[in-house]
Amino acid sequence: MPRETYQAEVAIVDGEDDGKTAAAQQAAGRPRTMTSTAEIDSTIIHPGSVRINVKGAFIVDTPEEPGTPANLSGNGASSYHDTKDIRLPNHTAVVSHIAVDIGGSLAKLVYFSREAHSDEPGGRLNFQLFETDRIDDCIEFMGHLKDKQLALNGSKPGELCIMATGGGAYKFYDRIRERLGVDVLREDEMECLIIGLDFFITEIPREVFTYSETDPMHFASPNANIYPYMLVNIGSGVSILKVSGPRTYERVGGTSLGGGTLWGILSLLTPAETFDEMLDMAAHGDNAKVDMLVGDIYGTDYNKIGLKSTTIASSFGKVFRMKREAEHEAEDTGGLSNGDDQNGQHQQQSSEQPNSSTDPSAQQHRPTSSRASELVGSRFSSADISRSLLYAISNNIGQIAYLQSQVHGLSRIYFGGSFIRGHPQTMNTLSYAIKFWSKGQKQAYFLRHEGYLGAVGAFLKHQPRNWGRRGSFEMSEGLEERIRGRTEDAVSA
């Protein structure tokens, strides 16, 4: 996709009232901005950079290398640099901290840097991802950032501090302090999630969007009254939060079946070594070869209760039946795929093993014939298994999210966390579940920076001066005060 600049529908001009713009949008029946199919694909793969400017907010796609060192760790296998940097062209103050959200599976790092080889003021937020199992690589990367502080943002190495959140902020606290010799400030995980999400949905244009197969990616227009809402954060596990106002929230539910479940089970069932490899396999799989569908049972749709023939009736429901068929086929062919030589070897091995009629343990551990295993393996591809499990977990999360939103009377549901990764099947499944069970009364929303809510929230807890649009974090009027003001204005109106 060529480098283009997309002007946001709602212009933000310092000191000007943009109510006319919003009113014009409503009058024109355009509560959301539409994108083309080509832009959708490019946006998911190359989310671009958000430029915050007092004369208007817009996104700059940057397919070239980021303006700051992206490979300081020297280990490309354990981390990668996301291209969706947030551009801050008007920020001139020194930033002397970085933020990291260390979860059970992934560590998400956010840091500020000046624009390399540019005379323009400002800089950008950079986003880096590491596997938690390789946390030492993340710490090493932060060490390089410490050494490069003067060049990156004007501060001295000794001035750097680490804003840390997530369970790893406690688990690896001593290791980070000892290795880097810096202050580590630990912040509450749930509070950071809410601060980060509030910032993204109120400050960054073209950040929040809806998704479905029939009505593709639409960016939501800014909304003055954002509360109450529900956040479903899908990481290794799932936490569901009801948010009533700035930093006013409660955890109302969750499930242990999340991204870590998908990663763990597919690690056992497929050759994939990374989460992204698993998502890539799922994108090319056919779950109908593994799942039992409504059509497999009824032969058609079950219209009386609104179920299409393609609706999943039982995840992995075809596996046992096909396994039994494979075993019967193996018995019919003698149990082996090769000739008498293998059969002789099998008989010799059997004669050396305990008699199954007298040894109970031998009966319990009788191996499946190699022919049956071969037939079963040939009928289920890694891609089909990946897609089936992805649907199973996503459908489960979607229904739990709907039930929680119903209990608490919430219609806006935001999905965050690194499980999603902009993956179309995941977003469509979650969105469809919310729409189906609520009969269209509730809406699922997604974010381009969905995996970095906690890290950005931690970054904002250490508030730099003049950060963001209209002096978002000036002491006189911070983000929270402005959000409260918008909410009160919306209620009084």
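Residues numbered from 1 in each chain as written. Predicted model: local features only at pLDDT ≥ 70, side-chain atom pairs only at ≥ 80, totals over all residues. Heavy atoms only, no water.

### Structural notes on the overall build of the protein
- For the protein, the count of helices and strands is 18 helices and 19 strands.
- The buried share of the protein, taken over its 493 residues, is 50%.
- Put simply, of all contacts in the protein between residues at least 6 apart along the chain, 71% involve residues at least 24 apart.
- Carbon and sulfur atoms make up 48% of the accessible area of the protein, which amounts to about 23,300 Å² in all. (Helix = DSSP H or I, 4+ residues; strand = E, 2+ residues; numbered from the N terminus. Buried < 20%, exposed > 50% of the residue type's maximum accessible area, 1.4 Å probe, protein only. Contact = heavy atoms within 4.5 Å. Areas by Shrake-Rupley, 256 points an atom, 1.4 Å probe, with all protein chains shown as cover.)

### Quick look at the pairing of strand S9 (residues 161–165)
- Counting buried residues in S9 gives five out of five residues, a clear majority hidden from the surface.
- Residues Cys161, Met163 and Thr165 line one face of S9 and the alternating positions Ile162 and Ala164 line the opposite face, and both faces are buried.
- Relative to S9, strand S6 (residues 97–102) is paired through five bridges, and the arrangement is parallel. Residue valine 100 lies in a different strand from S9, and its bridge partner there is alanine 164. (Pairing = 2+ DSSP bridges.)

### Here's the deal with the pattern of salt bridges
- For the structure shown, the criterion picks out eight salt bridges.
- Here glutamate 191 makes a salt bridge to lysine 461, at a shortest N to O gap of 3.9 Å. Taken together, the positions of glutamate 191 in helix H7 (residues 189–203) and lysine 461 in helix H17 (residues 453–461) put the pair 270 residues apart, joining distant regions of the chain.
- Here the residues in one salt-bridge network are Glu187, Glu191, Arg247 and Lys461, joined through shared partners. (Salt bridge = Lys/Arg side-chain N within 4 Å of Asp/Glu carboxyl O.)

### Remarks on the environment of alanine 313
- For alanine 313, the location among the structural elements is in strand S17 (residues 312–314).
- Spatially, the C-alpha atoms of alanine 313 and methionine 292 are 5.7 Å apart, while their sequence positions differ by 21 residues.
- Setting aside chain neighbours within four positions, we find alanine 313 in contact with Met292, Leu293, Val294 and Ile297.

### Looking at helix H6 (residues 173–180)
- Those residues of H6 not exposed but buried are Tyr173, Ile176 and Leu180. Relative to the axis of H6, the buried residues are bounded by an arc of 75° and lie together on one face.
- Check the buried side of H6 and you find it contacts S6, helix H3 (135–147), S9, helix H5 (168–171) and strand S10 (183–186).
- Once H6 finishes, glycine 181 follows within two positions and takes phi at roughly 65°, a positive value. (Arc of directions from axis to C-beta.)

### Quick look at the environment of serine 388
- In this fold, serine 388 is placed in helix H15 (residues 382–408).
- Look past the residues within four positions of serine 388 in its chain and what remains in contact with it is Asn287, Val290, Asp291 and Phe316.

### Quick look at the side chain of glutamate 191
- Here glutamate 191 falls in the buried class, since its relative accessible area comes to 18%.
- Separated by 3.1 Å, the side chains of glutamate 191 and arginine 247 make a polar contact.
- With near-sequence residues (within four places) excluded, glutamate 191 lies in contact with Arg247, Tyr249 and Lys461. (Polar contact = N/O pair within 3.5 Å; in protein donor to acceptor, adjacent residues only side chain to side chain.)

### Some thoughts on the pairing of strand S18 (residues 412–416)
- With respect to burial, S18 is a largely interior element, five of its five residues being buried.
- Examined bridge by bridge, strand S13 (residues 229–234) and S18 share four bridges and lie parallel to one another. Within S18, the residue paired with asparagine 233 across the bridge is glycine 416.
- In this structure, S18 lies alongside strand S19 (residues 443–447), joined through three bridges in parallel fashion.

### As for the packing of aromatic side chains
- Evaluated as defined, the whole model comprises 15 aromatic pairs.
- Taken together, the aromatic side chains of Phe209, Phe219, Phe415 and Phe446 make up a single cluster linked through ring pairs.
- The cationic tip of arginine 186 hangs over the ring face of tyrosine 173; the distance from NZ or CZ to the ring centre is 3.8 Å. (Phe/Tyr/Trp six-rings, centres within 6.5 Å; stacked < 30°, edge-to-face > 60°. Lys NZ or Arg CZ within 6 Å of the ring centre and 35° of its normal.)

### Description of the nonpolar core
- Tyr229, Leu231, Val232, Ile234, Leu262, Phe415 and Phe446 are the most contacted members of the largest nonpolar core, which has 77 residues in total.
- The element that contributes the greatest number of residues to this core is H7, accounting for nine residues.
- Phenylalanine 415 has contacts with Val232, Ile234, Ile397, Ala401, Ile420, Leu430, Ile434, Ala444, Tyr445, Phe446, Leu447 and Glu450, leaving out every residue within four places of it along the chain.
- Counting 23 residues, the second-largest nonpolar core is a separate cluster that includes Ile98, Leu145, Leu160 and Leu180. (Core = buried A, V, L, I, M, F, W, Y, C linked by side-chain atoms within 4.5 Å.)

### Quick word on unusual backbone geometry
- Here tyrosine 227 and proline 228 are connected by a cis peptide whose omega angle stands at -5°.
- Examined against the element boundaries, proline 228 turns out to sit in the loop between strand S12 (218–220) and S13.
- Notably, arginine 421 is not glycine yet its phi reads approximately 55°, a positive angle.
- When you line up the elements, arginine 421 lands in the loop between S18 and helix H16 (424–438).
- The phi dihedral of lysine 439 falls on the positive side, at around 55°, and the residue is not glycine.

### Digging into the packing of helix H8 (residues 259–269) against helix H9 (residues 275–283)
- The geometry of H8 relative to H9 is characterised by a closest axis approach of 10 Å and an angle of 80° between their N-to-C directions. Comparing the axis directions of H8 and H9 gives the class roughly perpendicular. Listed contacts from H9 to Gly259, Leu262, Trp263, Leu266 and Ser267 of H8 are Phe275, Met278 and Leu279.
- The residue inventory of the contact of H8 with H9, partitioned by class, reads six nonpolar, two polar and no charged. (Axes fitted to C-alpha atoms, helices over the stretch in contact; angles between N-to-C directions. Parallel < 35°, antiparallel > 145°, perpendicular 65-115°, else oblique. Nonpolar A, V, L, I, M, F, W, Y, C, P; charged D, E, K, R; others polar.)

### Points about the confidence of the model for the protein
- Across the protein, the average pLDDT comes to 74, with 62% of residues at or above 70.
- In this model residues 39–60 is a low-confidence stretch, pLDDT under 50, and it forms 88 contacts with partners more than four residues away in sequence or in other chains.
- Low pLDDT (under 50) marks residues 336–348, which in the prediction has seven contacts with non-local residues, meaning those over four places away or in another chain. (pLDDT = per-residue confidence, 0-100.)

### What about a nonpolar patch on the surface?
- A surface patch of nonpolar side chains, about 300 Å² in accessible area, is lined by Ile265, Leu268 and Leu269.
- Mapping leucine 269 onto the fold places it in helix H8. (Patch = residues over 30% accessible without salt bridge, like charges linked within 9 Å, V, L, I, M, F, W, Y side chains within 5 Å.)

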